[in-house]
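Listed below are the residues making up each chain.
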Amino acid sequence: MRELSLNVLDIVQNSVSAGASLIEITVTETADRVMTIRIADNGCGMDAQQLRSVSDPFYTTRTTRKVGMGIPLYRLAAEQTGGEVRIESQKGAGTCVTAVFHTDSIDCAPLGDMASTMCVLIGANSGVDFVYTHTACGGSFVLDTRRLRELMQGVPLSEPDVLNWIRDYIREQTEMIGGGALNFEND
């Protein structure tokens, strides 16, 4: 995929399909040019056999097609930069997918438009809460839909005006912390 945010969208949809009610997406960018993307959910989790099979592109739990390319493509994207993907899961307790990317690699795809990705996820999954945390050298911010629901007092987060505000908030905060494209002025 051209942007890692599209991989995130795909992995998070797996969490939604696994019955998760809470999905935490954490992007951490460091000065030593390492970006870690962690996606953790409280879905149904996987047993040991499913966990071993999840990286096989010819394994999927979907009935609409016989291939599942999400995890294999994500793993390839990370490994091409010298990074890795780790998956931890426990049946009945959820799954955590952690990907490490070396952003100074010529093969590292850009993070992409996480603001739009989060809006798509929030708008399409009203029964799921999301916590999006982004940390870069300049700071950190958190968007937590549980808190937004409290503040909105019954207004659905899927309302276009609310989604526009969420998109703008994430974009502004990402720009403030220098996330998505770290600025190294001393190079």
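Here the structure is a predicted model, which is why all the values come from computation and not from measurement.

Enquirer: Any chance you could explain the sheet that holds strand β5 (residues 129–136) here in plain terms?
Expert: Sheet strands line up and pair through hydrogen bonds in the backbone, either parallel or antiparallel. With mixed pairing, the six strands of this open sheet are ordered in space as β3-β4-β2-β1-β5-β6. The open sheet has two edge strands, β3 (84–90) and β6 (139–144), and neither has a second partner. For this sheet, the mean angle separating the axes of adjacent strands, direction not counted, is 10 degrees. Together, β2 (34–41), β3 and β4 (94–102) form the strand contacts of helix α3 (residues 70–79), whose direction differs from that of β4 by roughly 30 degrees.

Enquirer: Looking at this structure, I do not really get the nonpolar core. What am I missing?
Expert: Soluble globular proteins tend to bury their nonpolar side chains together. In terms of nonpolar packing, the biggest core is built from 45 residues, with Ile 25, Ile 37 and Tyr 74 touching the most fellow members. Ranked by residues supplied to this core, first place goes to helix α4 (residues 114–124) with six residues. In this structure Ile 25 touches Val 8, Val 12, Arg 38, Met 114, Met 118, Leu 121, Phe 130, Val 131, Tyr 132 and Thr 133, once residues within four positions along its chain are discounted.

Enquirer: Help me understand the pattern of salt bridges, please; the structure alone is not making it clear to me.
Expert: Side chains that differ in charge, positive against negative, can pair when their charged atoms come close. Using the criterion set out here, one finds six salt bridges in the structure. Two residues, Arg 171 and Asp 113, come together in a salt bridge whose shortest N-O distance is 2.9 Å. On the criterion of sequence distance, the pair formed by Arg 171 in helix α6 (residues 160–177) and Asp 113 in the loop between β4 and α4 is long-range, its members being 58 residues apart. Overall, Asp 113 belongs to the partly exposed group, its relative accessible area being 27%. As a salt-bridge pair, Arg 146 and Asp 144 come within 2.8 Å of each other at their nearest N and O atoms. Asp 144 sits in the buried class, given a relative accessible area of 18%.

Enquirer: Teacher, can you tell me more about the packing of α4 against α6 here?
Expert: Two measures define how a pair of helices packs: the angle their axes make with one another and the distance between the axes. Orientation of α4 relative to α6, taken along the N-to-C sense of each, is 150 degrees, at an axis distance of 8 Å. With respect to each other, α4 and α6 are oriented roughly antiparallel. Handedness of the crossing formed by α4 with α6: right-handed. On α6, the residues that touch Ala 115, Ser 116, Met 118, Cys 119, Ile 122 and Gly 123 of α4 are Leu 163, Ile 166, Arg 167, Ile 170 and Arg 171. The class makeup of the residues in the contact of α4 with α6 is seven nonpolar, two polar and two charged.

Enquirer: What should I look at first to understand helix α1 (residues 4–17) in this one?
Expert: Spacing of three or four residues puts side chains on the same side of an α-helix, whose turn is 3.6 residues. With 14 residues, α1 extends 20 Å from end C-alpha to end C-alpha; this agrees with the ideal 20 Å at 1.5 Å per step. Within α1, burial applies to Leu 4, Ser 5, Asn 7, Val 8, Asp 10, Ile 11, Val 12, Ser 15 and Val 16. Where α1 is buried, its residues meet β1 (22–29), β2, α3, β4, α4 and β5. Phi turns positive one or two residues past the end of α1, at Gly 19, with a value near 85 degrees.

Enquirer: I'm lost on the side chain of Thr 133 in this one. Help?
Expert: One can find Thr 133 in strand β5. Residue class for Thr 133 comes out buried when judged on its relative accessible area of 16%. With near-sequence residues (within four places) excluded, Thr 133 lies in contact with Ile 25, Thr 26, Val 27, Ser 140, Phe 141 and Val 142.

Enquirer: How do you make sense of the confidence of the model for the chain when you look at a structure like this?
Expert: A low pLDDT means the predicted coordinates there should not be read in detail. On average, residues of the chain score 89 in pLDDT, and 87% of them are at 70 or above. Note that pLDDT drops below 50 for residues 182–187; the model gives that stretch eight contacts with residues more than four away or on any other chain.

Enquirer: Can you walk me through the packing of α1 against α4 in this structure?
Expert: Across the interface, α1 lies against α4 with an axial gap of 9 Å and an inter-helix angle of 20 degrees. Judged on the interaxial angle alone, α4 and α1 are roughly parallel. Relative to α4, α1 is oriented so that their crossing is right-handed. Where α1 abuts α4, its residues Ser 5, Val 8, Leu 9, Val 12 and Gln 13 lie against Met 114, Thr 117, Val 120 and Leu 121.

About the thresholds
- Residues numbered from 1 in each chain as written.
- Predicted model: local features only at pLDDT ≥ 70, side-chain atom pairs only at ≥ 80, totals over all residues.
- Heavy atoms only, no water.
- Pairing = 2+ DSSP bridges.
- Helix = DSSP H or I, 4+ residues; strand = E, 2+ residues; numbered from the N terminus.
- Axes fitted to C-alpha atoms, helices over the stretch in contact; angles between N-to-C directions.
- Contact = heavy atoms within 4.5 Å.
- Core = buried A, V, L, I, M, F, W, Y, C linked by side-chain atoms within 4.5 Å.
- Buried < 20%, exposed > 50% of the residue type's maximum accessible area, 1.4 Å probe, protein only.
- Salt bridge = Lys/Arg side-chain N within 4 Å of Asp/Glu carboxyl O.
- Parallel < 35°, antiparallel > 145°, perpendicular 65-115°, else oblique.
- Left-handed = near helix turned anticlockwise from the far one by under 90°.
- Nonpolar A, V, L, I, M, F, W, Y, C, P; charged D, E, K, R; others polar.
- Expected span 1.5 Å × (residues − 1).
- pLDDT = per-residue confidence, 0-100.

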